Amino acid sequence: MEIHVGEHWIANFGNFSVNMDTAVTAWIAMAVLVILAFLATRKLEIIPRKVQTIAELAIGFIESIVKSYMGKDGLKHVPFIASLFFFIFIANLEGQVPWRLFPLPGEMAAPTNDINTTVALAFVVSIYYIGSGIFEKGFGYFKHYLQPMWFMFPFNLLEDFTRPLSLSLRLFGNILAGELIILILIGLVPILAPIPMMLFELFVAFIQAYIFAVLATNYIAAATSKEHH
Amino acid sequence: METQGLTTLAIIAGLGIAAIGPGIGIGIATSAAINAVARQPEVEANARNMLILGIVFMEVLVIYAILGVLLAKYVFKLF
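Predicted model only: the values in this text are computed from it and were never measured.

## Quick word on the packing of aromatic side chains
Okay, step 1: Tallied over the entire structure, the rule returns 18 aromatic pairs over all chains.
Okay, step 2: A ring pair is formed by Phe85(A) and Phe86(A), whose centres lie 5.2 Å apart and whose planes are at 80°; its orientation type is edge-to-face.
Okay, step 3: Of the aromatic side chains, those joined through ring pairs into one cluster are Phe61(A), Phe85(A), Phe86(A), Phe89(A), Phe206(A) and Tyr210(A).
Okay, step 4: Its end group placed over the ring of Tyr74(B), Lys73(B) keeps NZ or CZ at 5.7 Å from the ring centre.

## Details of unusual backbone geometry
Negative phi characterises most residues that are not glycine, and trans characterises most peptide bonds.
Residues and elements named next belong to chain A.
Okay, step 1: With phi around 70°, Leu192 is a residue other than glycine that occupies positive phi space.
Okay, step 2: Locating Leu192 in the fold gives a position in the loop between helix H5 (153-188) and helix H6 (195-224).
Okay, step 3: A residue is classified by how much of its surface remains accessible, and Leu192, at 63% relative accessible area, is exposed.

## Thoughts on the packing of helix H3 (residues 78-93) of chain A against helix H4 (residues 115-137) of chain A
Residue and element names in this part refer to chain A.
Okay, step 1: Between H3 and H4, whose axes approach to 12 Å, the crossing angle comes to 170°. It follows that H3 is roughly antiparallel to H4 by the angle criterion. Contacts between H3 and H4 pair Phe80, Leu84, Phe87 and Ile88 from the former with Leu121, Val124, Val125 and Tyr128 from the latter.
Okay, step 2: Looking at the contact of H3 with H4 residue by residue, the classes come out as 8 nonpolar, no polar and no charged.

## Here we look at the pairing of strand S1 (residues 10-13) of chain A
Residue and element names in this part refer to chain A.
Okay, step 1: As paired strands, S1 and strand S2 (residues 16-19) are joined by 4 bridges and run antiparallel to one another. Looking across to S2, one finds that Ala11 is bridged to Val18.
Okay, step 2: From the end of S1 to the start of S2, which pair antiparallel, there are 2 residues, and Gly14 there has a positive phi angle of about 60°.

## Points about the environment of Val78(A)
Okay, step 1: Note on placement: Val78(A) falls in helix H3.
Okay, step 2: A residue is classified by how much of its surface remains accessible, and Val78(A), at 7% relative accessible area, is buried.

Scoring rules and cut-offs
Throughout, a residue's number is its position along its own chain's written sequence, starting from 1. Following the order in which they are written, the chains are lettered starting with A and the ligands numbered starting with 1. The predicted nature of this model means local features are confined to residues of pLDDT at least 70 and side-chain atom pairs, given and counted, to a pLDDT of 80 or more, with totals for whole chains, interfaces and linings taken over all residues. Hydrogens and water molecules were not included; the side-chain quantities draw on all heavy atoms of the structure. Here a Phe, Tyr or Trp ring, Trp counted by its six-membered ring, pairs with any other such ring whose centre lies within 6.5 Å, and the pair is stacked when the planes are under 30 degrees apart, edge-to-face when over 60, and tilted otherwise. A ring is scored as having a charge over it whenever the NZ atom of a lysine or the CZ atom of an arginine sits within 6 Å of its centre and within 35 degrees of its normal. Helix numbering and strand numbering both begin at the N terminus, where a helix is a DSSP run of H or I of at least 4 residues and a strand a DSSP run of E of at least 2. The cut-offs for exposure are 20% and 50% of the maximum accessible area for each residue type, with area from a 1.4 Å probe on protein chains only; residues under the lower value are buried, those over the upper are exposed, and the others partly exposed. The axes are straight lines fitted to the C-alpha atoms, using for helices just the contacting stretch, and the angles between their N-to-C directions are given from 0 to 180°. Convention used here: angles under 35 degrees read as roughly parallel, angles over 145 as roughly antiparallel, angles from 65 to 115 as roughly perpendicular, and any remaining angle as oblique. Only heavy atoms enter the contact rule, under which two residues are in contact if any of them lie within 4.5 Å. Only Asp, Glu, Lys and Arg are considered charged in this grouping, and only Ala, Val, Leu, Ile, Met, Phe, Trp, Tyr, Cys and Pro are considered nonpolar; every other residue, Gly among them, is considered polar. The criterion for strand pairing is that DSSP finds at least two bridges linking the strands in question.

In structure tokens form, the structure reads like this:
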């Protein structure tokens, strides 16, 4: 069996080429999120029912993560962290959808198994934490580059580059490796054998989204904390 | 090509070697978490979260090795 990695269903617009499989699955993830958000907030009640209960539980989960790092002051970052978490979670889950049952012009997979998606998400996080650091402390934010001593400047600067690198490669590598392992198992034993791995991938989808959210919270907390030492 | 088989063997052996370190690390971390929960059962939720965070940081090392192989094969076409 031939295995192709890094080959996409490509569409050309003028000088740009677009990975259509990634774009379409990312749009599907966004559509799912928008529809769920609409359903959950349509008829808000004091005593929540069905969809509203689930949505409140999910948001409460993100709030507990953010509170454990930043306390009550960090609650203004909850919308950002929650959007990241839910988008990555839905996007990772899309890798387990049996796309081959539908008549599609190309091969579909999770949008997070394209490195362009994960690098974009990681850059959003790094711009957000630098931005919120400057917003919180003004020009004083840049003082932390010289701490604890002035000669630590290159290492502190390097950190700003290694953070998005490790964030993006971790998500990309985990999702891609999981899908490859399922593909190899299908090549070995097509029936029943890949099912435990597929179930494990559902767990990995959650864990990776959780890790991404926790690390983003951690970076924002480090950038906005009042007392640096 | 006659080096194809050797290259495949080298990749598989390399991935196995890459898995040694994180394997030991995950073992140590899990045993520490079990000890912590056995001493103080009320910290279980906290210990589980920390364990998962730590395990993810270790597991990513093997993932980097796989990524290196995939990049070498499909992007840089080294073999």
